[in-house]
Amino acid sequence: MKSFFSTGSIIAILLLAIFLVSEAQQCRPSGRIRGRKPPPGQCNQEDDSDCCKAGKMYPTYTCSPPMSGNTQAYLTLNSFEAGGDGGGPSECDGQYHDDNTPVVALSTGWYNGGSRCLKNIIINGNGQSVVAMVVDECDSTEGCDADHDYQPPCPNNIVDASKAVWKALGVSEDNWGGLDITWSDA
């Protein structure tokens, strides 16, 4: 009995399937927004936050990279206190949070419509680990407006953390701001 598929055909089909699965797991920009110049004094640059630049195009995302046991991410610094660079109160509970409390905001895809709200995650970086509570979204879909403190949209791989997280990871203050990390649900 003759086989309908040759060995070469089967290999080609398998490679195509692997490629399609890999493509499906990619998180690509979902759009772009044009930056607007913030009104004077309206962009809080605490913790070295960026302000939108007029005319610059910023990518937006509705997704984040796929989760794994230890998901790779980029840790940034954020103040969750009233008047801090985080803007308004946290999405999860409508409250501000003390910077000495280990709390985080996750990029839109990982925030997942609030499904991680008030749940703990484990952050690994700088040879240390810390448990932090998710209290906010680092919005990857919008930015450059008053609601977002005239800051650009978040990249899709951000864990935006309070000072307490940085301290617990043992990162010296002069190196706060950006760190490659891994994280997982607690």
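Everything numeric here is computed off the predicted structure, so don't read it as measured data.

## Re empty space enclosed by the protein
Counted under the stated rule, the structure contains one cavity of 30 Å³ or more. For the largest cavity, the full set of lining residues is N78, S79, F80, E81, G86, G87, G88, S90, Y96 and D136. Residues that form the lining of the largest cavity fall into these classes: two nonpolar, six polar and two charged.

## Some details on the environment of D180
With respect to the element layout, D180 can be found in strand β8 (residues 178-185). Given the relative accessible area of 63%, D180 is considered exposed. Those residues within four positions of D180 in sequence are excluded, and the remaining contacts are A73 and Y74.

## Some details on the nonpolar core
Judged by nonpolar contacts, the single largest core of 23 residues is most densely connected at V104, L106, I123, V159, V165 and W183. When contributions to this core are tallied by element, the ones reaching two or more residues are β3 (71-77), β4 (103-107), α2 (108-111), β5 (120-125), β6 (128-138), β7 (158-161), α3 (163-168) and β8. One finds A105, V135, C154 and I158 within the second-largest nonpolar core, a separate group that totals seven residues.

## Comments concerning the packing of aromatic side chains
Taken as a whole and assessed by the stated rule, the structure comprises one aromatic pair. The interplanar angle of 70° and the centroid separation of 5.3 Å between the aromatic rings of W110 and W183 together place this pair among those described as edge-to-face. Of this pair, W110 sits in helix α2 while W183 is found in strand β8, placing the two residues 73 residues apart along the sequence. Given the relative accessible area of 0%, W183 is considered buried.

## Concerning the layout of surface pockets
Empty space left among the atoms is revealed by rolling a probe the size of a water molecule over them. If you add up the space inside the largest pocket, you get close to 860 Å³. In this structure, the largest pocket is lined by 35 residues; those nearest its centre are C138, Q151, P152, C154 and D160. Going through the elements one at a time, β2 (57-60), β3, β6 and β7 are the ones with two or more residues in the lining of the largest pocket. By residue class, the composition of the lining of the largest pocket is 13 nonpolar, ten polar and twelve charged.

Quick notes on the rules
- Residues numbered from 1 in each chain as written.
- Predicted model: local features only at pLDDT ≥ 70, side-chain atom pairs only at ≥ 80, totals over all residues.
- Heavy atoms only, no water.
- 1 Å grid on protein atoms, 1.4 Å probe; cavity = no way out; pocket = protein on both sides within 12 Å on 5 of 7 lines; lining within 4 Å.
- Points joined across faces, edges and corners; volume = space filled by probe spheres on them.
- Nonpolar A, V, L, I, M, F, W, Y, C, P; charged D, E, K, R; others polar.
- Helix = DSSP H or I, 4+ residues; strand = E, 2+ residues; numbered from the N terminus.
- Buried < 20%, exposed > 50% of the residue type's maximum accessible area, 1.4 Å probe, protein only.
- Contact = heavy atoms within 4.5 Å.
- Core = buried A, V, L, I, M, F, W, Y, C linked by side-chain atoms within 4.5 Å.
- Phe/Tyr/Trp six-rings, centres within 6.5 Å; stacked < 30°, edge-to-face > 60°.

Such coordinate-based values are descriptive only and should not be taken to indicate function.
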